[in-house]
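In case you want the letters, here they are:
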Amino acid sequence: MKRPLIVLDIDEVLLDTISAINDQYNQQHGTNFSRRDFASYTWHHVWGISRDDAIDFNYDFFKDHADKIEPISGAEIGVRGLAMGHDLMALTARPEDHREVTQKSLDKHFPDIGKLRMVNSYARSGTPEFKSDYIRGKDAFLVIEDQVHHAIDMAPYVERVFLYNAPWNKPQNLPADLVLPNNVERVGNWDDILNKLF
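Here's what I pulled together on the structure shown here. The structure presented is a predicted model; accordingly, all values stated were derived computationally and were not measured.

1. Quick notes on the nonpolar core
Stage number 1. In terms of nonpolar packing, the biggest core is built from 43 residues, with Leu8, Leu14, Ile113, Ile144 and Trp190 touching the most fellow members.
Stage number 2. Listed in part, the 18 residues of the second largest apolar core include Leu5, Leu91, Ala155 and Val184.

Structure (structure tokens):
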């Protein structure tokens, strides 16, 4: 019998990428940005640099410091719980160029995730895709995502979307007229996710 599919974002849902990359940026540039400063997930706006410079920093970070990225609290145990009754797919906006290091992180912390799909955003080359392109027709039961635009993009193709709370998706940091689809619900942490499902 086919098991229900759960689609998991990686950055800020499974792995605390922003803390690690922001710490590295602060260390190299003598700045003092914190996670709370990220009212937007467009790093170059927060850091006050160009998009190209942010992409270059991102590539250098993933080449030399990706091992500094730690799992989100509760994510490892949570994913093991989800895997007991569901098929799991990781779906990330990371560039395809980061596939090897991304797969290494998944193998280390989340070996129960069976598939990895990469949308190729913020890449030096290639064309970014929509996350919905990867879940359309897959009969996914649930998506867990922290980016509002991705959550809205995928909502028509999935039964439920959990929007993982983060500074950049708080209502005060979103357009005032934005209305989330009815099947998008906020979750505060991994305990919240498991409590809603089991």
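2. Let's talk about the packing of helix 1 (residues 17-29) against helix 3 (residues 51-64)
Stage number 1. Two elements in contact, helix 1 and helix 3, have axes whose closest approach is 11 Å; the angle formed by their N-to-C orientations is 105 degrees. What the angle tells us is that helix 1 and helix 3 run roughly perpendicular. Where helix 1 approaches helix 3, its residues Thr17, Ala20, Ile21, Gln24, Tyr25, Gln28 and His29 are matched on the opposing element by Phe57, Asn58, Phe61 and Phe62.
Stage number 2. Taken together, the residues of the contact of helix 1 with helix 3 sort by class into six nonpolar, five polar and no charged.

3. Observations regarding the pairing of strand 2 (residues 87-92)
Stage number 1. For strand 2, the tally of buried residues reaches five of six residues, placing the bulk of the element in the interior.
Stage number 2. In this structure, strand 1 (residues 5-8) lies alongside strand 2, joined through four bridges in parallel fashion. In the strand pairing of strand 2, valine 7 is matched with methionine 89.
Stage number 3. Two strands pair when backbone bridges link them, and strand 2 and strand 3 (residues 115-118) are joined in this way by four bridges, in the parallel orientation. Across the sheet, methionine 89 pairs through a bridge with lysine 115, a residue of strand 3.
Stage number 4. With helix 5 (residues 99-109) bridging strand 2 and its parallel neighbour strand 3, the resulting β-α-β unit is right-handed.

Definitions and cut-offs
- Residues numbered from 1 in each chain as written.
- Predicted model: local features only at pLDDT ≥ 70, side-chain atom pairs only at ≥ 80, totals over all residues.
- Heavy atoms only, no water.
- Core = buried A, V, L, I, M, F, W, Y, C linked by side-chain atoms within 4.5 Å.
- Buried < 20%, exposed > 50% of the residue type's maximum accessible area, 1.4 Å probe, protein only.
- Axes fitted to C-alpha atoms, helices over the stretch in contact; angles between N-to-C directions.
- Helix = DSSP H or I, 4+ residues; strand = E, 2+ residues; numbered from the N terminus.
- Parallel < 35°, antiparallel > 145°, perpendicular 65-115°, else oblique.
- Contact = heavy atoms within 4.5 Å.
- Nonpolar A, V, L, I, M, F, W, Y, C, P; charged D, E, K, R; others polar.
- Pairing = 2+ DSSP bridges.
- Right-handed = clockwise from strand over helix to strand, strands pointing away.

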